[in-house]
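Observations on the model geometry
Okay, here's what each chain looks like letter by letter:
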Amino acid sequence: MAELSTAPGTPLVRLAGVGKRFGAVVALRSVDLDVHAGEIVALVGDNGAGKSTLLKIIAGVHPPSHGEILLDGEPVRMATPSDARAHGIEVVYQDLALADNQPVYMNLFLGRELVSGPLRRLDRARMAAETAELLKELDIRIPSPRVPIRALSGGQRQGVAIARATHWGERLILMDEPTAALGVQETARVEDTILRMKERGKAILIVSHSLDQVFRLADRICVLRRGEQVGVRETAQTDGDEIVAMITGLR
Ligand SMILES: Nc1ncnc2c1ncn2[C@@H]1O[C@H](COP(=O)(O)OP(=O)(O)OP(=O)(O)O)[C@@H](O)[C@H]1O
Ligand SMILES: [Mg+2]
């Protein structure tokens, strides 16, 4: 975290009154949320609460209908996903968006391939070496960076998608249900990887339906209900009962 140039108090990302309408549907009313470097914030709420919509706004997929996004204290307008990427924001989508027939290293560099020489040939050796190093650093166990994605387990694929986001996401990693399709052991490994990203000083915003997972990972929990921000709690100062009550609106 020492390499970060921002003042300790400035959040990497601040959402100020962010809302979204789709025609007559109010998907999100007004969200205020800070995410700091080295912090994991969980976004929870029932189906249709607006969680994915919020991630997509931050990822430049949907423009907000109102409100502002500030990065390092500066308001930014992100009209496309490549704008968000240019600001160091990466997303791990539920479908992972990996190229099944390509080797792991090509997926790591998808759309940002390394080339060398006057003919600008793909520098496969360097991409494979950098991939191997990153996977080792994140303790993601894959036989080789040269195997195709289709030869990997669900957990390993998730690991590759997370490694890619970690590699390119200087600021913020957004994750939508990263372990929804995984078994217990694979989930544990992916959670380890997420904690390693946090150690590297990334800001992480994660959507999860598993409250156990949320309590294992998150520093803070933001609850949405039918597009409304019900509240934000420090994980250490709340419990499952309170969060469930906030999610359902029942007390
Ligand atoms: N592109 C869209 N066009 C119209 N309505 C949308 C669009 N995307 C989302 N919505 C609506 O916005 C609301 C919030 O949806 P969103 O996908 O953000 O929920 P969610 O919290 O991610 O739910 P889930 O847990 O089921 O993934 C829903 O009412 C949904 O129907
Ligand atoms: Mg969703």
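Okay, so let's go over this structure. (Residues numbered from 1 in each chain as written. Chains lettered and ligands numbered in written order. Predicted model: local features only at pLDDT ≥ 70, side-chain atom pairs only at ≥ 80, totals over all residues.)

**Considerations on the overall build of the protein chain**
When helices and strands are counted, the protein chain shows 8 helices and 12 strands. For 251 residues, the compact-globule estimate of 2.2 N^0.38 gives 18 Å, and the protein chain sits close to it at 18 Å. With respect to the three principal axes, the spread of C-alpha positions in the protein chain is 60 × 40 × 40 Å. Looking at the protein chain as a whole, 39% of its 251 residues qualify as buried. (Helix = DSSP H or I, 4+ residues; strand = E, 2+ residues; numbered from the N terminus. Rg over C-alpha atoms; globule rule 2.2 N^0.38 Å. Buried ≥ 20, exposed ≤ 12 C-beta atoms within 10 Å, placed from the backbone.)

**Quick word on the pairing of strand β6 (residues 89-92)**
Side chains Ile89 and Val91 of β6 all project onto a buried face; the interleaved residues Glu90 and Val92 project onto the opposite face, where all are buried too. For β6 and strand β9 (residues 172-176), the ladder comprises 4 bridges, and the chain directions are parallel. Considered in β9, the bridge of Val92 is made with Met175. (Pairing = 2+ DSSP bridges.)

**Brief notes about the site of ligand 1**
Taken together, the neighbourhood of ligand 1 is formed by Phe22, Val25, Ala27, Gly45, Asn47, Gly48, Ala49, Gly50, Lys51, Ser52 and Thr53. Of all elements in the fold, only β2 (25-35) and α1 (51-58) reach the threshold of two or more residues within the shell around ligand 1. The element that contributes the greatest number of residues to the shell around ligand 1 is α1, accounting for 3 residues. (Near = placed C-beta within 6 Å.)

**Considering the nonpolar core**
Nonpolar side chains tend to gather and get buried jointly when the protein is soluble and globular. With 63 residues, the main nonpolar core has Ala42, Leu43, Ile58, Leu172, Leu174, Ile204 and Leu205 as its most contacted residues. Leaving out residues up to four positions away in the same chain, Ile204 has contacts with Ile40, Ile173, Met175, Ile194, Met197 and Lys198. (Core = buried A, V, L, I, M, F, W, Y, C linked by C-beta atoms within 7 Å. Contact = placed C-beta atoms within 7 Å.)

**Thoughts on the sheet that holds strand β5 (residues 74-76)**
Taken together, the 4 strands give an open sheet; going across it, the order is β2-β1-β4-β5, and neighbouring strands pair in antiparallel fashion. Two strands bound the open sheet, and with one partner strand each, they are β2 and β5. Sheet twist, expressed as the mean angle between neighbouring strand axes with direction ignored, is 30°. The pairing of strand β1 (residues 13-22) with strand β4 (residues 66-71) spans 5 bridges and is antiparallel. Residue pairing in the sheet places Ala16 in a bridge with Glu68 of β4. Its contacts with the sheet put α1 on β1, β2 and β4, and the angle it makes with β2 is roughly 65°. (Axes fitted to C-alpha atoms, helices over the stretch in contact; angles between N-to-C directions.)

**Observations regarding the environment of Cys222**
Structurally, the position occupied by Cys222 is in strand β11 (residues 220-225). In this structure, the C-alpha to C-alpha distance between Cys222 and Leu33, residues 189 residues apart in sequence, is 8.0 Å. Apart from the residues lying within four places of it in its own chain, the contact partners of Cys222 are Leu33, Val41, Ala42, Leu43, Gln229 and Val232.

**Side note on the sheet that holds β11**
What the 6 strands build is an open sheet, ordered β6-β9-β10-β3-β11-β12; its pairing is mixed. Single-partner strands in this sheet number two, and they are β6 and β12 (228-234). On average, each strand axis in the sheet is inclined to that of its neighbour by 15°, with strand direction left out of account. Sheet topology note: the β11/β12 ladder contains 6 bridges and is antiparallel. Counterpart to Cys222 in the pairing with β12 is Val232. Its contacts with the sheet put helix α5 (residues 154-168) on β6 and β9, and the angle it makes with β6 is roughly 175°.

**A short note on unusual backbone geometry**
Backbone geometry places Asp139, a non-glycine residue, at a positive phi of 55°. Within the fold, Asp139 resides in the loop between α4 (124-137) and α5. A positive phi is found at Glu177, a non-glycine position, where the angle reads about 55°. On the secondary structure map, Glu177 appears in the loop between β9 and α6 (184-199).

**As for α5**
Taking 1.5 Å per residue, 15 residues should reach 21 Å; α5 reaches 22 Å between its end C-alpha atoms and fits that length. The buried fraction of α5 amounts to 12 of the 15 residues, a majority that puts the element mostly inside the structure. The set of residues buried in α5 consists of Gly155, Gln156, Arg157, Gln158, Gly159, Val160, Ala161, Ile162, Ala163, Arg164, Ala165 and Thr166. (Expected span 1.5 Å × (residues − 1).)

**A look at the pairing of strand β10 (residues 203-207)**
In terms of residue burial, β10 counts as a mostly covered element, since 5 of its 5 residues are buried. Alternating residues of β10 divide into Ala203, Leu205 and Val207 and Ile204 and Ile206, and every residue in both groups is buried. With 5 bridges joining them, β9 and β10 adopt parallel strand pairing. Within the sheet, the bridge partner assigned to Met175 lies in β10 and is Ile206. Between the parallel elements β9 and β10, the chain passes through α6 in a crossover that is right-handed. (Right-handed = clockwise from strand over helix to strand, strands pointing away.)

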